Amino acid sequence: MAMLKGLALALLVSFVLCYLTSVPCLASPDDFLQCLREKIPSELVYTQSSSSFAGVLVSSIRSARFLTNTTVRPLCVVTPTDASHVQAAVLCGRTQGVRLRVRSGGHDYEGLSYRSARPEVFGVVDLTNLRAVSVNQSETTAWVDSGATIGELYYTIAKDNSQLAFPAGLCPTIGVGGHFSGGAIGMMMRKYGLAVDNVLDAKFVTANGDLLDRAGMGEDLFWAIRGGGGGSFGIVLSWKVQLVQVPPMVTMFNIVKTLDQGAVDIVTRWQDVGPSLPNDLTIRVIVQGQQALFQALYLGTCSSLVATMGDQFPELAMTSADCQSMTWLQSIAFISFWNRDTPVEALLSRTTSLSTYSKSKSDYVQNAISKGVWKDIFSWFTMNGAGLVILEPHGGFMGSVPTDATPYPHRSGVLYNVQYMVFWQGDGGTAANTWLGNFYDFMGPYVSKNPRQAYVNYRDLGIGQNVVVDDVTTFDGGKVWGEQYFASNFQRLASVKAAVDPTDYFRNEQSIPPLVQGLNTLP
């Protein structure tokens, strides 16, 4: 912590110097762009006047909600190919008063990695060109750049060794940088934890433009970047991860149950079974329309799975005919594309459609919801604008990890995470968003409370936005949404922020505020 205090002092001095020297305190866009031209190859900097600007900006936009005439767009997009380019961009931004936002895959649910929800002059550092994955087979570790997608990570890990894997999310176009920064839940977290539970080291650019590894940044900052959300502390360029072992073949099933087939009873029962199954087995549930899909990944054989299901979850009536055996890498492609015949090379594609608009919210359930309430829940999916919910079971390894081990606090006592999603096209968003807001309100009595918890990787500006006073985000304003994402870990995150970025250079609508003694409000 002493090193962090020293860094904080240095940054505060630089903040004061902007008032005493020629360093600008207000944004100077032209000087910022000139600084970039002098320090970074011109072909890596796309300004709004460039013919390629729109194409580069859109290349990693994942929701059409943030591709409109009213979207606040960046002054430029910097596409670094080397750590020195990132350092230069930060130094140019600091000296010229232009903040940076950082994009790896563009999956931020509110688009905050490449757009602002408020009028602001800012630049984007797009890490797409920093996407190397280097696997050390003998150590079963890998270094992965933040600009890689998890599809690229999975493919590189497992293409030559089907028994190596990594526990993270399912959508293959998710960028590693943003995903890991929020913790990264997935289908193997009950066995191996979150992605960040398996991060060993990182390379990180500070608000001062310094390039640090774990030893250089210290354990407090290393703790914060593993789940404290992206865009708050600096820029993580790459991560060293511990790979995990999986069997040569895994087993999956997709079983759909309609209301007539007992979906209400089975989902009600799943709430107790899902989090308590053997760690090798994860069954998530997707509720849409008047049916529930039970989707399983089992790190074992079909015969063993049938026996386990018959003993612990007979209500689902799973049989060997439901089994689909494949490699772990094939299972990721199968879940992602819903087609057993999809080649694993499809995981390398970074292309997504911009024809659909979407919005999400999230919750955590700590006490099983009654059958009667589940009947009411299913009735919501008959309404105009109805979307879907995804239920991700916790338990297993997740329940053994202390709440403060990483910023992700949703560990012991959590049964499952809920992701609410709605989709629409064109001007049809009113019904979908009305349904989402009303359904979220309806669920309030049945989910976690004080605070009502949420998952930072399912970012939702509806739960609160930062308040900025004298050009610094207030702690009390950030606490409104921050404790929902991070619970009791929020104050420690704010203390780390104060140590490494006290002038709040890395800032967005839900970035961690700096808790600076005498300059901010304590809880």
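The coordinates are above.
Now for a quick tour of the structure. (Residues numbered from 1 in each chain as written. Predicted model: local features only at pLDDT ≥ 70, side-chain atom pairs only at ≥ 80, totals over all residues. Heavy atoms only, no water.)

This part covers helix α15 (residues 475-486). Over its 12 residues, α15 runs only 14 Å from end to end, short of the ideal 16 Å by more than 12%, given 1.5 Å per residue. All buried positions along α15 are accounted for by F475, G477, G478, W481, G482, Q484, Y485 and F486. The secondary structure elements touched by the buried residues of α15 are α14 (429-443), β20 (472-473) and α16 (490-500). The N-cap residue of α15 is T474: its side-chain oxygen and the backbone nitrogen of G477 are 3.1 Å apart. One or two steps after α15, the chain reaches A487, where phi turns positive at roughly 50°. (Helix = DSSP H or I, 4+ residues; strand = E, 2+ residues; numbered from the N terminus. Expected span 1.5 Å × (residues − 1). Buried < 20%, exposed > 50% of the residue type's maximum accessible area, 1.4 Å probe, protein only. Contact = heavy atoms within 4.5 Å. Polar contact = N/O pair within 3.5 Å; in protein donor to acceptor, adjacent residues only side chain to side chain.)

Let's shift gears to the nonpolar core. The biggest cluster of nonpolar side chains holds 113 residues, and the ones touching the most others in it are F166, F180, F253, I283, F294 and W328. Residue-level mapping places this core at the junction of two domains, with at least three residues from each of domain 2 (133-245) and domain 3 (250-326 + 356-444). What I283 contacts, discounting residues up to four positions off in sequence, is F253, W270, L277, F294, Q295, A296, M309, F313 and P393. (Core = buried A, V, L, I, M, F, W, Y, C linked by side-chain atoms within 4.5 Å. Domains from an automatic or database assignment.)

Looking now at the state of the cysteines. Using the criterion set out here, one finds two disulfides in the structure. The disulfide partner of C35 is C92, and the gap between their sulfur atoms is 2.0 Å. Its torsion about the S-S bond being -75°, the disulfide of C35 and C92 is classed as left-handed. Of this pair, C35 sits in helix α2 (residues 29-39) while C92 sits in helix α4 (residues 83-96), and the two are 57 residues apart along the sequence. The pair C35 / C92 is uniform in exposure class, with both members buried. Sulfur-sulfur distance for the disulfide between C302 and C323 comes to 2.1 Å. What sets the handedness of the C302 and C323 disulfide is the S-S torsion sign, and at about 85° it is right-handed. Highlighted residues: C302 in helix α11 (residues 302-312) and C323 in the loop between α11 and β15 (324-326), separated in sequence by 21 residues. (Disulfide = S-S within 2.5 Å.)

A separate point is the sheet that holds strand β8 (residues 199-205). The sheet built from five strands is open, its strands ordered β5-β6-β10-β8-β9 with antiparallel pairing. The sheet is open, and its two edges are formed by β5 (133-136) and β9 (211-212), each paired on a single side. Pairing between β8 and strand β10 (residues 235-242): six bridges, direction antiparallel. Each residue of the ladder has a partner; that of F204, found in β10, is V236. Together, β8, β9 and β10 form the strand contacts of α4, whose direction differs from that of β10 by roughly 140°. The strands that helix α5 (residues 150-158) touches are β5 and β6 (141-145); relative to β5, the one it contacts most, it runs at about 30°. (Pairing = 2+ DSSP bridges. Axes fitted to C-alpha atoms, helices over the stretch in contact; angles between N-to-C directions.)

It is worth spelling out unusual backbone geometry at this point. Residue N450 is joined to P451 through a cis peptide bond whose omega torsion reads 5°. Position of P451 relative to the elements: it lies in the loop between α14 and β19 (468-469). The residue T140 is not glycine, and still its phi comes out positive at about 50°. When you line up the elements, T140 lands in the loop between β5 and β6. Notably, A184 is not glycine yet its phi reads approximately 80°, a positive angle. Tracing the sequence through the fold places A184 in the loop between α6 (176-181) and α7 (189-192).

Let's shift gears to the packing of α15 against α16. Put simply, α15 and α16 touch, their axes get as near as 9 Å, and they point 125° apart. Relative to α16, α15 is oriented oblique. Considering only the axes of α15 and α16, their crossing is right-handed. Residues F475, G478, K479, W481, G482, E483 and F486 of α15 pack against F490, Q491, L493 and A494 of α16. (Parallel < 35°, antiparallel > 145°, perpendicular 65-115°, else oblique. Left-handed = near helix turned anticlockwise from the far one by under 90°.)

Attention now goes to the pattern of salt bridges. For the structure shown, the criterion picks out 24 salt bridges. One salt bridge in this structure joins D108 and R459, with 2.9 Å as the shortest N-O distance. Taken as a pair, D108 in the loop between β3 (99-103) and β4 (122-126) and R459 in the loop between α14 and β19 lie far apart in primary sequence, 351 residues in all. For D504, the salt bridge identified is with R507, shortest N-O distance 3.4 Å. Relative accessible area serves as the criterion here: at 0%, D504 is assigned to the buried category. The class for R507 is buried, based on a relative accessible area of 12%. (Salt bridge = Lys/Arg side-chain N within 4 Å of Asp/Glu carboxyl O.)

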